[in-house]
Amino acid sequence: MSEAYSPIPELNLLKEFEDRIGRVYYSNSFELREYGADVGLDTWSEHPEFLSRFIGFARATRSGSDYALWRCDDRSDLAALPVVLVGDDGDLYVIARSLTELFQLLTIDSEPISDRGFPDPESVEVHSDGHHQFLTWLDQNFGLGPPEDLHALWAERKGCDDRFRTWASQFIELDDY
């Protein structure tokens, strides 16, 4: 019996999917990294309370941005934690309110856009090689598909991002956007 990728069943399912389809993208530039990977947050702050509240798990862009779970509280369901984009160009914000919400955003098949999340799905003309397999996997495992209203989803996550920004401002200075 092999060891699980993480203590999060949803991420373990994604890892199994990723391993099964091989070395192809299923969402533009997204790929799982080692669970708990260093995502460069020590360049923001070396304060232990700040650093201990993030769990890196995936690459978000080819240029080096990453995704991390924000341990905003001590809930046991880690998949329900907000997902933060740790941008290689200085962005740090909540991009999704949970892992499954991030999975839905990944159906857009685009890298995230600084402080805007993801582009409208209609603007994505070319899809990754594993994109259709990912859509099927997401539906079969979670009964989910692409977001029905991307703008509403983005607006709904703003409250979570506001809480994140308030918490993070104890340790770092964030630009207004």
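Residues numbered from 1 in each chain as written. Predicted model: local features only at pLDDT ≥ 70, side-chain atom pairs only at ≥ 80, totals over all residues. Heavy atoms only, no water.

(A) Quick peek at the sheet that holds strand S1 (residues 31-37). Strand order in the open sheet formed by 5 strands is S1-S2-S3-S4-S5, and the pairing between neighbours is antiparallel. Each of the sheet's edge strands pairs with one partner strand only, and the pair in question is S1 and strand S5 (92-96). Sheet twist, expressed as the average angle between the axes of neighbouring strands with direction ignored, equals 35°. Here helix H3 (residues 99-106) sits on the sheet and contacts strand S2 (54-59), strand S3 (66-70), strand S4 (83-86) and S5; the angle it forms with S5, its principal contact strand, is near 85°. (Pairing = 2+ DSSP bridges. Helix = DSSP H or I, 4+ residues; strand = E, 2+ residues; numbered from the N terminus. Axes fitted to C-alpha atoms, helices over the stretch in contact; angles between N-to-C directions. Contact = heavy atoms within 4.5 Å.)

(B) Structural detail: helix H1 (residues 9-21). Relative to the 18 Å expected for 13 residues at 1.5 Å per residue, H1 spans 19 Å between its end C-alpha atoms, a close match to the ideal helical length. If you check which residues of H1 are buried, you get Glu10, Leu11, Asn12, Leu14, Phe17, Glu18 and Ile21. Positive backbone phi, approximately 90°, marks Gly22, located one or two places after H1. (Expected span 1.5 Å × (residues − 1). Buried < 20%, exposed > 50% of the residue type's maximum accessible area, 1.4 Å probe, protein only.)

(C) Summary view of the packing of aromatic side chains. A full pass over the atoms with the stated rule returns 22 aromatic pairs. With a centroid separation of 5.9 Å and an interplanar angle of 65°, the aromatic rings of Tyr26 and Phe30 are classed as edge-to-face. A network of ring pairs unites the aromatic residues Phe17, Tyr26, Phe30, Phe57, Tyr67, Phe103, Phe134, Trp137 and Phe142 as a single cluster. Geometry around Trp154 places Arg157 over its ring, the cationic atom sitting 3.6 Å from the centre. (Phe/Tyr/Trp six-rings, centres within 6.5 Å; stacked < 30°, edge-to-face > 60°. Lys NZ or Arg CZ within 6 Å of the ring centre and 35° of its normal.)

(D) Here's a closer look at the pairing of S5. A large share of S5 lies buried, amounting to 5 of its 5 residues. Pairing of S4 with S5, which is carried by 4 bridges, proceeds in the antiparallel orientation. Note that in S5 the partner of Val84 across the bridge is Val94. Two successive antiparallel strands, S4 and S5, enclose a turn made up of 5 residues, where Gly90 displays a positive phi of approximately 100°.

(E) Expanded view of helix H6 (residues 158-168). Turning to H6, its buried residues number three or more, namely Cys160, Asp161, Phe164, Arg165, Trp167 and Ala168. Along H6, the residues classed as buried sweep out an arc of 160° about the axis, all on the same side. The outward face of H6, more than 90 degrees from its buried face, is lined by the exposed residues Arg163 and Thr166. Buried residues in H6 make contact with helix H2 (48-51), S2, S3, S4 and S5. (Arc of directions from axis to C-beta.)

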